[in-house]
Amino acid sequence: MHGRDDPVRLAVEAGGLYVVATPIGNLGDLSPRARAVLGAVDWIAAEDTRVTRKLFAHANDVVPRGRMLALHAHNERAQGERIVALLQSGATVALVSDAGTPAISDPGAAVVHAARDAGGKVFAVPGPNAAIAALSVSGLALDTFTFCGFLPSTGSARRSAIETLRGAPGALVFYESPHRVVECIDDLCNGLGGARPVVIARELTKLFESVHRCRLDEAAAWLAADADHRRGEFVLIVDAPGQAPAAADIETERVLVELLAELPVSRAAHVAARVCGVDRAHAYRLALALKKR
Ligand code: SAM
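Residues numbered from 1 in each chain as written. Predicted model: local features only at pLDDT ≥ 70, side-chain atom pairs only at ≥ 80, totals over all residues. Heavy atoms only, no water.

A few words now on helix 11 (residues 280-292). For helix 11, built from 13 residues, the straight-helix expectation of 18 Å at 1.5 Å per residue is met to within 8% by its first-to-last C-alpha distance of 18 Å. The complete set of buried residues in helix 11 reads Ala 283, Leu 286, Ala 287 and Leu 290. Taken around the axis of helix 11, the buried residues stretch over an arc of 100°, which confines them to a single face. Residues of helix 11 that are exposed and angled more than 90 degrees away from the buried face: Arg 285 and Lys 292. Taking the backbone nitrogen of Ala 281 as reference, a side-chain oxygen 3.3 Å away marks Asp 279 as the first, capping residue of helix 11. (Helix = DSSP H or I, 4+ residues; strand = E, 2+ residues; numbered from the N terminus. Expected span 1.5 Å × (residues − 1). Buried < 20%, exposed > 50% of the residue type's maximum accessible area, 1.4 Å probe, protein only. Arc of directions from axis to C-beta. Polar contact = N/O pair within 3.5 Å; in protein donor to acceptor, adjacent residues only side chain to side chain.)

Before going further, it helps to spend a moment on the sheet that holds strand 4 (residues 93-96). Read from one edge to the other, the open sheet built from five strands follows the order 3-2-4-1-5, with strand pairing classed as parallel. The open sheet has two free edges, formed respectively by strand 3 (67-70) and strand 5 (121-125), since each of these has just one partner strand. Taking each pair of neighbouring strands and ignoring which way they run, the sheet shows an average axis angle of 25°. Across three bridges, the pairing between strand 1 (residues 16-20) and strand 4 is parallel. Looking at the pairing, Tyr 18 lines up with Ala 94 of strand 4. Sitting on the sheet, helix 2 (residues 49-58) touches strand 2 (43-46), strand 3 and strand 4, and the angle it makes with strand 3 is about 145°. (Pairing = 2+ DSSP bridges. Axes fitted to C-alpha atoms, helices over the stretch in contact; angles between N-to-C directions. Contact = heavy atoms within 4.5 Å.)

Residue Ala 103 is not a glycine yet carries a positive backbone phi of 75°. By the secondary structure assignment, Ala 103 is in the loop between strand 4 and helix 4 (109-117). One non-glycine residue with positive phi stands out, namely Glu 203, at about 55°. As for its placement among the helices and strands, Glu 203 is situated in the loop between strand 8 (197-202) and strand 9 (210-215). Classification of Glu 203 as buried rests on a relative accessible area of 15%.

Moving on, we get to the domain arrangement of the protein chain. Segmenting the protein chain into domains produces domain 1 (16-128), domain 2 (131-238) and domain 3 (247-292). Here domain 1 and domain 2 have C-alpha centroids that lie 29 Å from each other. Opposite the six residues of domain 1 that make contact, domain 2 presents eight residues. Across the domain 1/domain 2 interface, buried area totals approximately 480 Å², and carbon plus sulfur atoms make up 62% of it. (Domains from an automatic or database assignment. Buried area = accessible area lost by both parts, 1.4 Å probe.)

As a volume, the largest pocket reaches approximately 460 Å³. Together, 24 residues line the largest pocket, and Ala 99, Ala 130, Phe 150, Tyr 175 and Glu 233 are the ones closest to its centre. Broken down by class, the residue content of the lining of the largest pocket amounts to eleven nonpolar, six polar and seven charged. Looking at the lining of the largest pocket, you find at least three residues from each of domain 1 (16-128) and domain 2 (131-238). (1 Å grid on protein atoms, 1.4 Å probe; cavity = no way out; pocket = protein on both sides within 12 Å on 5 of 7 lines; lining within 4 Å. Points joined across faces, edges and corners; volume = space filled by probe spheres on them. Nonpolar A, V, L, I, M, F, W, Y, C, P; charged D, E, K, R; others polar.)

Next comes the structure, spelled out in structure tokens:
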């Protein structure tokens, strides 16, 4: 019987393909079950075997007994056939990418598809994912969101892709590299409108992790203000169109942030209402929301 109820039992089922999430920075995020599965399977299909060996070297309680095979964007179809043959012979296989959850902007989907088509058993060993981690610390209301992965790398294709997302309901979640984050923010601002709030989540779970929220038309200045703001790995979340606050709210929030550091909520709301010329009850609601955040 599969040990789904027991996270650390060495539990792999003959012929099972295990899709295992690995850390996006902090090695402590490799789950006990991921460790157990990686130590137990016959084969480990890794996006880059060197990266995965490094992970094993650091996670010193994982002693893999399985052999490794490389599975990347260029050989996924061919390796898929090999992996299906292994599974059909009763072997157990773990699928990992360099970081995070395989098949999410990473190789893996074609192998899972092939294994399922062949009637194989596929099990999720869930864990780190940069998009979900960023959403969880964004503070945005997230009843609906669209995961967009990486936008196209060339300017015109990127702008057309953004155009198609303009009317999408809910927040939009993007992956971006440090080389393109400035252009990407520029195109998002022009394509979606500068008033939409954006959350820039960098280096999550790592030493220089930061999460910054501002309007899209303020993001370029924030990136330009400090070279560190442009370093590392990024998740960008653009808030839902309907939830973009009015310019007056953004100004009031900015004033409230300063006041709340010094004053109780009601006093801060009173002063902010006077300074910004907004209704006192409205300023109080904004202050309460900020306090909760
Ligand atoms: N499969 C991975 C996952 O589950 O998140 C994503 C792989 S994708 C090739 C890599 C991208 O994920 C990076 O370019 C960046 O946009 C995002 N990413 C990965 N680690 C991150 C981190 N620690 N902080 C912020 N973004 C990260």
